[in-house]
Structure formats: structure tokens, C-alpha cells
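Here is how the chains run, residue by residue.
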Amino acid sequence: MPLNLRAPQAETREQRLGTITQWNGTAAQLARDSTATHGCDKGRDQGGRRLCEASTPFAQASMCAEHIAVTNATIIQESVVVQHAPIGCAASQSFTCRYYRDLAARRGWELEDPKAICSNLSEQDMVFGGIGKLEVAIRDAWSRHRPKVIFVAVSCATGIIGDDVEGAARALEAELGVIIVTLHCEGFRSRHWSSGWDVIEHGILRRLVSRDAPRQDDLINVIHLGGPDVFSPLLAPLGLRVNLVMGGSTLERLAEMSAAIATVTMCFVLSYLATGLEQEYGVPEIKAPLPYGLDATDAWLREIARVTGREDRVEAVIASERARIAPELERLRRALAGKKGFVAAGAAFAHGLIADLRELGVEVDSAFSFHHDPTTDSGDPRQDSLTHLVETWGDIPHFTVSPDQHFQAHAALQRARPDFVICRHSGSIAALTARMGIPVLPIFYSNDGLGYEGLLTIGRAILRILPRRRFCQDVAAHSRFPYQDWWLAQTSPYAPITGPV
Amino acid sequence: MSPFVPNTTATAPTCPDPGSLEQVRYACSLGALASVIAIPGAVPITHCGPGCATKQFHALSGLNAYQGGEFHVPSTNLGNREVIFGGAERLDELIAATLRVMKADLFVVLTGCIPGLIGDDVAHVVGQYRRRGVPIVLADTAGYRGNNFTGHETVVRAIIDQYLGADDGPREPGRVNVWSLLPYQNPFWRGDLTEIRRLLEGIGLGVNILFGPACAGIAEWQAIPRAQFNLVLSPWLGLEIARHLEETYRQPFLHVPIIPIGARASSSFLREVAAFAGLPGSPVETFIAREERDYYLYLRDFSAFYAGCASQYRLPSKLVVIGETAYNLAVTAFMIDQLGLVPGRQIVTENPPEAVRGLIHDQYHRLGVEDGESAGVAFVEDGYAAHRLVRETDFTGHDPIVFGSTWDGELARRLGAPLVEIGHPATDEVVLSRAYVGYRGALALIERTYTTVVRASTMA
């Protein structure tokens, strides 16, 4: 199904990809069931059954798509985000500010606060509508900061009361002469926060990509979650310039995406943009598995070289990179021998980190994925990162899909008893893990594990955190989670929760 | 026109409507889930969208001096299905599952925007559990109804009305309920409430501090009706609670708007409380004398730096204070009265109810009078407008210092002023038990302030 870029709203991942947020079993079974349900004609093993989502009556606070969409809009430079919402939605402004300043320091941008304004709706507005306040907020955004783009993000509240945000945006765009991009990211619309990526990428594809940029044969789009540029050192030897987008970008970089020779996505959770660039602007999407582990990185570089016509140079780059990291990789493998790791991250990102750990010689028999996309927007089996993981590195016997649920992660860790945890989202899982006496490596900058160098980055980081078990075990011995004893002893994340209290 | 019908049984005063906001310095009403987490043994249950609770708590805790806290909050994480068909059944299912999985002395159900807008009959669901003897109460904290300050009062009132209920039992002379700093919103609340408890116990009172590590848990809440009186130690937060307790349990209350920082303020505060409580004078004076002895030994030695390094390090002389009233007023008073700075620009950011603004204004007005520069106060929540006010302030001949939040970093740099983070958001502070109030807290505040000043000077 092609992406529908005519509508202001992006379709949710559940609609497009059949995304689920709850499941428990083996990785191989999940891969087979996903293929059977969502990838029938892709030449994969058809031995699966229909992908069936698990459920549990208990749930803990999660994240929403609005948070993802607004954060990633706010960190686009020379923009102002207007959150059309009661004030609570804007509570994430302080996080986004910290995040932007950290990114700016790492990427060499000017240190400044990103700009976001909340229309700050009250009970009155819930009764009479909030469009008047939205208009005030948009005018404030314009008069205060003269941005090149204003993003307008809706909220659960404005979605429910039915404010005509689209109409207000179009009218003020015409009046003020500034591009106004609407983000339809009501938190209730999707069960998974990663739909927020689709929303911001949808807005970018519709409004911010240049329709007439001349092709640049040495420019490659790299779509990433955010963090330092680890790609240029890998791709510059092929004669490619990296156009690093998402995770903070200038508007020029976003506009220029249509001029690139190809697009790679560093996490298929973000692949909406790459698929859209191929569909709308003819920029081919690289469809190799992600570069986690040596062989996958080789294959990824070869595919980039093939698509961009640089096959003559790629073998030399691969050989030189492999030789460069070999001694340190050996040292890390020796230091990590016999260790058991546990991965908690979102879908393709989790699959990549598992590959890294196995390449480093770390045992991984359990993993925790925040959601699962049975397919990607391209529908291409080469982007089936879970099947690739299982085929390359073998099964993961305990594979849990859960939207960052603390109680389920507790059970999964009780079962796995790893020497360390590596996780995305530094919040609940990291705190949980430490409190269980297990050292944890939260990946805040998501590019840390990529490519050849990523193996060294991750391996060294694990060695740095392992001694912190002394701190973790001390705290674990002196604190307790407010769960009932039967749940504290539980080792099955989807154990039935029924019966009388 | 939306189909929404507002809840007419308001339980807390709603704030004046302030218009669009940049650089937000508080959370919405649902942010009061942090107040529940601050009660040892209590667990919030949130009935709201999937990101609401996390956003509020992450802002108030993680982006606020990295406070941490027991955030594994049950939540209905409302989706399309509930928005269309109603969410009451899902809440019922979640509460049942919560009772099976989690252990708590008290559960507080907090509702967000969605159930209010779609008209869930949440009271019916929660009422069923309460009638069965489950310790559970309901607080309407829809985000459009106010901020985490008013949400806090809503939560406290829900616990009083629905959990404590009527109590005609005997009162315990010398026991006080303390209503002071807003937990989590103020990064130093844990240490401060511990220090406040220490001071009040020092003069012979029994203290229900009610929140944080210094609180004994739900037993303290159960003891609320038996206290002799309530102490509202803040400019306005807690006043509504105290009035309600006066009505419910016929408890008188003492309102002390300025949280004491330093010996002069702390000693006069303790004497005022002792007089109100009718405590015998001699033990009170003994405690004060011992505290003052320690405090002034440190100040005596600090004076070598404060007098001797004034020009070497450009010790600041004029104040900029941006933040919620409680700390804003307390720090302003200490810096002017104790350290001899002059008022500059004091901006209150949490949108206090209109009814208390005159009282707040009067408190500031008394400060700095002896130098002929009475302190003013502006009520501005929008960070952009607040910074414009500061930039329009005349600092000629003065070295300014900013007490504020992370949002004020750029402003401080432009002023060439050191920044001491005293409020949300605070991302350049890691705070555990540090206190800034009372006798000991004042010394920590001096240490942090002048370490910051010296570093700004030596590392520039």
C-alpha cells in the first residue's frame, strides 16, 4: 500500500503495518507469524500462524505519539512548535530543551533553547472551542521568533472537542506568509508512541521537501533517531556526503533530501520517511538489513555502494575497517566472554542491539521489545530485521513485546537474570534494572551501536558499567517495589492476572 | 460548540486563564500524581491518555534535579476504543488488576482530560471499590482544569473527604499538620520538609509532615484529624486545605507566608508557631539558642569570604528571582534581609489564584524597605514575557544574580549573571537530601550560591 500523503493525517502504524504492542514467545515464532500474517508473498517461511496480540488487564503509564512528534518537530532548527493543548502536554518542553542543547553540543550547533508555545487551553475552551487561542499562539510564535516554519501539534483534548486546526493553520499560513505544518498526533489515536515518528515524517514529506532540488550524486540521506554523526567516517571513504536528518535537522537538510542519490534509515521504526522519499521523489531507499555486527555492516555498505554506483571502492573500505577494529574487538570479546546480556528497546533497534551483543560474544537469551512491526512501509523482506536476526544469529527463546511496562520487565528480568541490561529510553527500564541489582547501559544517543565502530563503542560502554553492580546490588538489597509478593516472584511477563484479591 | 459538559462539582479554585505559554514551569493538574507518589505507601492510578502521566512525572522529577521516585503508575492509557465507547469499564478492569498486582496503603485515582471530555462516570467505578472497603479515592485532575498546584489541593482534599472522613475523636495538643512546599515541583522539597520537621519537633511539637522521606506514611495522614492545628507554611498553597480542615475538624490554622531561610527568619517563625500552639517558652528558646549558636559560628567564618572577596569575585548585589511563589518569596527575603542584596526583578510563575495575589504582593513590598527599594513582584507564567521584563530592568552599577530554573540559563548568560537553579525545570542540579530552608538549609544555600559565583568568576 503506498503512503497516503494527500491527507493531513498519517495513517497509524496499526493500520499500515499491523503493529502490535503485546506479545510473548520466541523470536523465531514472532518472525514466522509476522511473515505469515503480513508478508505472505515475500518468499519467506510460511510456517507461522496468524499473529495474535497478547493482552493483560494491568497496565502502567506509557508514552504517546504526541511526545515523539512534538519533540522531533521542536528540535528542527528555525522552527517554532505550537502545542494546541491544555498545559500538561507541554510538560515535555523542558525535556526537549535539555535534549536539544545536548544535541547541539555534540553536533556543533549554536547553543540556544528550542522554541515551543502551548495554547494552554482551559475548561472554558473545552466548552466553547480553542481555535481563538490557537490563533493567538500561532501569531505569538510568528511575532516573537519569525520562524521559517511553524508546526501545530494537536492533542487528545483538541481532537475530542473537534477544533478545526487544519482550517486555522491554512488561514494563518496565507495571512502570515509562513509555512504551517499540522501534526495530527492525538495520543489516543495509536497504541504506540512510535506512530509519532510517522506523524512528523508525514508533515515533512508533505511540506518541507523541495520539489525541484537538482540531484546531487554524492549526497546520501541518513535518517536517524538522534545523536552524533557516526556515519560520515563510514561513508566518506565511498565519496558520499551524509545528509543527516531527523534527530535535529536544519530546514535546508530536510529540503535537500529529494536531491540525494539514496536514503538509508538507521532504525526501520523511522522508515516512513525513506519510503515516502522513494515514492514521491524517486530517491531509492536502501533495503539492506541494518549495520549491526560485522557481516551486516559489510552487506549494508555493499548495498549502498551498489545503489550509488561505488562498488569499486567498497571492498577496500570494508577490509580497512575490519582490520582497524580487529585487535580492539578481540580484546572486548575476551573481556566480555561468559557474560549474559538483556536487550530492551524498540523493534528494529532492539534487533540491532542483540546482533551487536552476539557479535561481541555476549549471550542473549531474552529480549524486551517496546512494540513490533510485522512489516515495514516498503514491505521489502530485506527490511525484516527480526527474521534477519534469527537467521543470522539464531533464536531468542524469550522474546517479549511490551510498551515499556515496568511490571512485565520486572518479570522478564527475573526470568533472564542477566549480568547487564542494555536499553533504549533511559526512564523506567533503566531505573528498574538498577533497582534489581543489575547494571544497565541506557542508549540515549541511538547511533552508538552502529557499524564497525559501534561494536567498540558498545563493548567499551558495557565494560564501564559492569562494576556498577556494586551500587545496584546495594540499592536492591535495601529497597522494594510496591508489587504483591506473587508478582515479585513472577517470571512470566504475561502471567494471567485474574481472580479475587 | 463541543458536546463537553463541565464538571460542576469543583473541588479546587481554578486559576486565572493566562493565554499561550512558552518555557513551561509547571505541570497540569494530573501532575499532582507526584503528590501521591510523595506519600510513602500511596500509589496513584491514572485514568488518562497513554503519555499523560509519564510526561508530568518525567518533567517534575527527571528534568527537575533528577529526583527519581516510585513511578510505576497504573494507567488506563486510553485509546480510540475508549474515546468512542467510553473508558469506565477499562478503569474498572485496571483497578481490579492493580489490587491484584500492587501493594499499597492507599490508592488515588486521578483522571486526565479524556475521561472528563467523554463523560466517563468515574465516581461510580471508584465508589464501588470504596464501598467494598478498598482504600481508594478519586481526584478530578483533568489537565484543562488547572496546574499541579491546584491539582495538589484537589488530591489532598480527596484523601481528607473520601479516606479520612468525619472524626469527632479527641485532639492531641501539640500535634500539627504541615502544608508547605509542593512535592517534586520544588527540587529541594525532600530535604526542606525534613528540616521543617526537625525545627518543629525541636520546639516540642508532634509533626505530621505528610510527604517525603520524613513522613511516617499513611499513619500520619490518619492522624490529621487529631492534630491541634494546621500550619500553612507557604504563600498560598495549602490555604484552601487548611480552611477545609477548619470546617471539617474544627482545627484552627496558622498561616506563615514566608518559608524561613536563615536564623533570623527561622527563630521568629518558631516563636510565632510556639505562641500559636501555646507551647511553654523556655524549651523553645533553648532550641533556638542552640540552633543560632551553630548558625552564627558558620556565618562568622563565612564573613571572611563575604567581606574579603567582594570585589575579587564580583559578589552579586541585585536580585533576579523567577519561579513559584514559595521559594521565590523565601529566597528573596533571605537574600535581602540576611545577605544585604537589593531587589531587582521578582517574577512569580505558577499562576496563583487571584484572591491571594494581594497578600503575596504585600509580602514582597515589605522587603528592602530600609534601603528605600521595596521589592516588587510580577505574576508572569510565560517565559518569553518574563525574560523581556528582566531585560528591561535597570542593573546600572550592580552585579545581578539569577535564582531561577534551567529556562533562565540563556537570560543569565546575557546578563553576565550567575544562575542558581532553585525551581522546575532544573537540569544542572542533582539533588538528594539538600535543603535550603531553616537554619541548616540556609548554610547550604549560601554554599551553592557562592560556589556558583566564584566558579562563574574563575572559569570565565
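Keep in mind the model is a prediction, meaning the values are calculated, not measured.

Cut-offs applied
Residues numbered from 1 in each chain as written. Chains lettered and ligands numbered in written order. Predicted model: local features only at pLDDT ≥ 70, side-chain atom pairs only at ≥ 80, totals over all residues. Helix = DSSP H or I, 4+ residues; strand = E, 2+ residues; numbered from the N terminus. Rg over C-alpha atoms; globule rule 2.2 N^0.38 Å. Buried ≥ 20, exposed ≤ 12 C-beta atoms within 10 Å, placed from the backbone. Contact = placed C-beta atoms within 7 Å. Expected span 1.5 Å × (residues − 1). Nonpolar A, V, L, I, M, F, W, Y, C, P; charged D, E, K, R; others polar. Pairing = 2+ DSSP bridges. Axes fitted to C-alpha atoms, helices over the stretch in contact; angles between N-to-C directions.

Overview of the overall build of chain B
Consideration 1: Scanning chain B from terminus to terminus reveals 17 helices and 13 strands.
Consideration 2: By the compact-globule yardstick of 23 Å for 460 residues, chain B fits well, its C-alpha radius of gyration being 22 Å.
Consideration 3: Dimensions along the principal axes, computed over C-alpha positions, put chain B at roughly 70 × 50 × 35 Å.
Consideration 4: Taking all 460 residues of chain B together, the buried fraction comes to 58%.
Consideration 5: Taking as baseline every contact in chain B between residues at least 6 positions apart, the subset at least 24 positions apart corresponds to 75%.

Quick notes on helix α19 (residues 451-465) of chain A
All names here are of chain A.
Consideration 1: Helix length check: α19, at 15 residues, gives a terminal C-alpha distance of 21 Å against a target of 21 Å (1.5 Å per residue), a fit within 8%.
Consideration 2: What α19 keeps buried is the set Gly451, Tyr452, Gly454, Leu455, Ile458, Gly459 and Ile462.
Consideration 3: Elements that come into contact with the buried residues of α19 comprise α10 (232-235), α13 (294-308), α14 (311-336), α15 (348-359), β12 (420-424) and β13 (440-443).

Describing the interface of chain A and chain B
Consideration 1: Facing the 64 residues of chain A at the interface are 67 residues of chain B.
Consideration 2: Secondary-structure elements contributing two or more residues to the side of chain A that touches chain B are α3 (65-74), α4 (93-107), β3 (115-118), α5 (123-128), α6 (131-145), α7 (156-161), α17 (406-416) and α18 (428-435) of chain A.
Consideration 3: In terms of residue count, the dominant contributor to the side of chain A that touches chain B is α5(A) (six residues).
Consideration 4: Its residues assigned to classes, the side of chain A that touches chain B shows 35 nonpolar, 18 polar and eleven charged.
Consideration 5: Where β3(A) lies against strand β1 (residues 21-22) of chain B, two bridges are found, and the strand directions are antiparallel. Paired with Cys118(A) across the two strands is Leu21(B), which belongs to β1(B).

Thoughts on unusual backbone geometry
Apart from glycine, the bulk of residues carry a negative phi angle, and the bulk of peptide bonds sit in the trans form.
Consideration 1: A cis geometry characterises the amide bond from His424(B) onward to Pro425(B), with omega recorded as -5°.
Consideration 2: Inspection of the secondary structure puts Pro425(B) in the loop between β13 (419-421) and α17 (438-458).
Consideration 3: Phi is positive for Glu78(A), close to 60°, though the residue is something other than glycine.
Consideration 4: Tracing the backbone shows Glu78(A) in the loop between α3 and β2 (79-83).
Consideration 5: Taking the C-beta count within 10 Å as the criterion, Glu78(A) has 13 such neighbours and is therefore assigned partly exposed.
Consideration 6: Despite not being glycine, Ala347(A) shows a phi value in the positive range, around 45°.
Consideration 7: Tracing the chain through its elements places Ala347(A) in the loop between β9 (340-345) and α15.

Regarding the sheet that holds strand β11 (residues 398-401) of chain A
Residue and element names in this part refer to chain A.
Consideration 1: Read from one edge to the other, the open sheet built from six strands follows the order β1-β11-β10-β9-β12-β13, with strand pairing classed as mixed. A single partner strand is all that each edge strand has here, and the edge strands are β1 (23-25) and β13. For this sheet, the mean inter-axis angle between neighbouring strands, taken without regard to orientation, is 15°.
Consideration 2: With four bridges joining them, β9 and β12 adopt parallel strand pairing. In the sheet register, Gly341 faces β12, and the bridge partner there is Phe420.

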